[in-house]
Amino acid sequence: SCGFFAVFGVVFHKKETETCIRTAGDRLCFGMVTGDIELFGIAHSDQQELLLTKLFDLKVHYPAESETDLRFGSLNIKAEIWSLVFSPCSTKIATCSEDQTVKITSLETQKTVSTFQDHTLAVTCLSWVLCSGLSLLISCSDDNAVVIRETTTSVKLRTLPLPLEVIGFCTLTYLGVLTPPTESAATSIPLTKGNVTEIFEECSKKITVVCGSENGYLILRDMVEGGVLYNERVHQGSIEGLACLGDRVVTCS
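Residues numbered from 1 in each chain as written. Predicted model: local features only at pLDDT ≥ 70, side-chain atom pairs only at ≥ 80, totals over all residues. Heavy atoms only, no water.

Participant: Whenever I open this one, a nonpolar patch on the surface confuses me. Can you help?
Facilitator: A surface patch of nonpolar side chains, about 260 Å² in accessible area, is lined by Leu229, Tyr230 and Val234. Within the secondary structure, leucine 229 sits in strand E16 (residues 228–233). Residue leucine 229 is classed as exposed on the basis of its relative accessible area of 54%. (Patch = residues over 30% accessible without salt bridge, like charges linked within 9 Å, V, L, I, M, F, W, Y side chains within 5 Å. Areas by Shrake-Rupley, 256 points an atom, 1.4 Å probe, with all protein chains shown as cover. Salt bridge = Lys/Arg side-chain N within 4 Å of Asp/Glu carboxyl O. Helix = DSSP H or I, 4+ residues; strand = E, 2+ residues; numbered from the N terminus. Buried < 20%, exposed > 50% of the residue type's maximum accessible area, 1.4 Å probe, protein only.)

Put into structure tokens, the structure is as follows:
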């Protein structure tokens, strides 16, 4: 949109490069190659121009301290943020990075409130959804695993590795979640670490995780058994964007 062109015109003069962008209401957030997030307030002038007010710039992810890890050329130099997502209530931001972690930052305190190290390689994409009262943060990674956590209790509910024969040695790039439109409803049952798993057993029957791969495959995962429901090559190149719209999945490459 014209609005996004205006945003890029404001920030691209800097040496740091943006890797991802998300909006929620009147807020816009960039993830940076430096491991920083930049949050802006959005307004419109009387001439319908997009006005941005910078709210804060915060370093969330840091380069690895070890100088011997050579799996990625930038692991010890940068901690690129590959994906970010606002919480369903828009009070927090989750980010994932080359540093192999997922972090949740409070927009009010500008502090990291949770750090999850569930993957063994760079974490490439996030989705944050409500289902049966559970706040589910879902991540995928270069290690080809999908991990689901309930953020209120920090309970890890699923780790779903992808069999090698599905997409070979290529990696997962993006993900989304297909959920029924009524699944944002809250539950009246207080959440505890003891009952989250039980509630998720019912919730898992209602959601499907969709992943895109580096070699153009689209994969649908069953959350109950962890099986592969669909696996077809839909692009000849890497899937570089994925969105779930109702019962449809939109991808670009």
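Don't stop here, the text continues.
Participant: Can you walk me through the sheet that holds strand E11 (residues 145–150) in this structure?
Facilitator: Backbone-to-backbone hydrogen bonds pair the strands of a sheet. The strands run either parallel or antiparallel. Spatial strand order, E9-E10-E11-E12: four strands in an open sheet with antiparallel pairing. What marks the edges here is a single partner per strand, and that holds for strand E9 (123–131) and strand E12 (155–161). Neighbour to neighbour, the strand axes of the sheet diverge by 15° on average, direction disregarded. Pairing of E11 with E12 involves six bridges; the strand directions are antiparallel. Within the sheet, the bridge partner assigned to valine 146 lies in E12 and is leucine 160. (Pairing = 2+ DSSP bridges. Axes fitted to C-alpha atoms, helices over the stretch in contact; angles between N-to-C directions.)

Participant: Just to check I follow, could you spell out the sheet that holds strand E1 (residues 18–24) for this structure?
Facilitator: Read across the open sheet, the four strands follow the order E1-E2-E3-E4; overall the sheet is antiparallel. The two strands at the open ends of the sheet, each matched to only one other strand, are E1 and strand E4 (50–59). Within this sheet the neighbouring strands show an average axis-to-axis angle of 20°, counted without direction. Taken together, the six bridges between E1 and strand E2 (residues 27–32) define a ladder with antiparallel strand orientation. Paired with isoleucine 21 across the two strands is phenylalanine 30, which belongs to E2.

Participant: Help me out: how do you make sense of the pattern of salt bridges in this one?
Facilitator: Once their charged atoms are close, side chains differing in charge can pair, the charge on each being opposite to the other. Applying the stated criterion across every chain yields a total of seven salt bridges. As a salt-bridge pair, aspartate 57 and lysine 54 come within 3.6 Å of each other at their nearest N and O atoms. Taken together, the shared-partner salt bridges in this structure form one network comprising Glu38, Lys54 and Asp57.

Participant: What's the story with the side chain of serine 127 in this structure? I'm lost.
Facilitator: Inspection of the secondary structure puts serine 127 in strand E9. Residue classification places serine 127 among the buried residues on the basis of a relative accessible area of 12%. Here serine 127 is in contact with Leu136, Leu137, Ile138, Leu175 and Val177, once residues within four sequence places are set aside. (Contact = heavy atoms within 4.5 Å.)

Don't take any of this as a statement about function, it's just geometry.
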